Amino acid sequence: NVGGICIGCTMPGFPDKSWAVANMAATKPYTGTSWYRTTFDVEAPKGHDVTLGLQFGDPTVPRSPTAKYRVLIFVNGWNMGQFIAKVGPQRVFVIPPGILDPHGENTIALAVTTDGKPAKALEPVRLVVLRAARGGVAGERESGQGGSRY
């Protein structure tokens with residue numbers, strides 16, 4: 001189990017109310033794997049295709065030689081990839097159409113693995129707009145991971 005034991009916590013609707021609230025800007029590293037979750041609403045403009053991505057740290061720096069941690073990335077239950085800070089160069093992970101609900105609630109879950117040393121803390125994580133264009137076609141959110149159709 002690469003992400004540590006947390007049955008179901010990648011899925012929307014997982015009961016995480018008993019989890020401690022974490023300030024991601026001041027996250028301390030813990031030895032082993034720590035899980036972080038958030039939910040957020042997206043309100044993409046009608047008649048537009050909007051592509052979002054999840055950005056780790058400074059995208060102008062190809063790798064973080066002192067930040068030795070890895071993150072498994074889940075969006076609405078789907079595994080979007082793995083970020084390894086010291087490897088690079090990818091710092092932005094595209095969230096493909098059909099994974100996010102462009103007009104409703106979405107869930108991001110991150111499994112952060114580190115040895116707990118202070119210099120190896122999770123860098124800032126941001127949701128970023130990669131492209132917005134007028135037009136496109138109507139689509140459906142994939143429901144294979146517990147999501148709903150819109």
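Here the structure is shown first, and the text comes after it.
Rules and cut-offs
- Residues numbered from 1 in each chain as written.
- Predicted model: local features only at pLDDT ≥ 70, side-chain atom pairs only at ≥ 80, totals over all residues.
- Heavy atoms only, no water.
- Helix = DSSP H or I, 4+ residues; strand = E, 2+ residues; numbered from the N terminus.
- Buried < 20%, exposed > 50% of the residue type's maximum accessible area, 1.4 Å probe, protein only.
- Contact = heavy atoms within 4.5 Å.
- Areas by Shrake-Rupley, 256 points an atom, 1.4 Å probe, with all protein chains shown as cover.
- Core = buried A, V, L, I, M, F, W, Y, C linked by side-chain atoms within 4.5 Å.

## Observations concerning the overall build of the protein chain
A tally of regular secondary structure across the protein chain gives zero helices and seven strands. The order of helices and strands in the protein chain, counted from the N terminus, is β-β-β-β-β-β-β. Counting the 150 residues in the protein chain, one finds 39% classified as buried. Within the protein chain, counting contacts between residues at least 6 apart in sequence, those at least 24 apart form 77% of the total. Only carbon and sulfur atoms are counted for the fraction: they give 56% of the accessible area of the protein chain, which is about 8,700 Å².

## Points about the nonpolar core
Counting residues in each nonpolar core, the largest one holds 23 residues, and the members touching the most others are Phe56, Tyr69, Val71, Ile73, Phe83 and Leu110. Contributing elements (two or more residues each) for this core: β1 (32-41), β2 (48-56), β3 (70-75), β4 (78-84), β5 (92-95) and β6 (105-114). Once residues lying within four places of it in the same chain are set aside, the contact partners of phenylalanine 83 are Phe56, Tyr69, Arg70, Val71, Ile73, Gln90, Arg91, Phe93 and Glu123. Among the nonpolar cores identified, the runner-up in size contains seven residues, and Cys6, Cys9, Trp35 and Phe74 belong to it.

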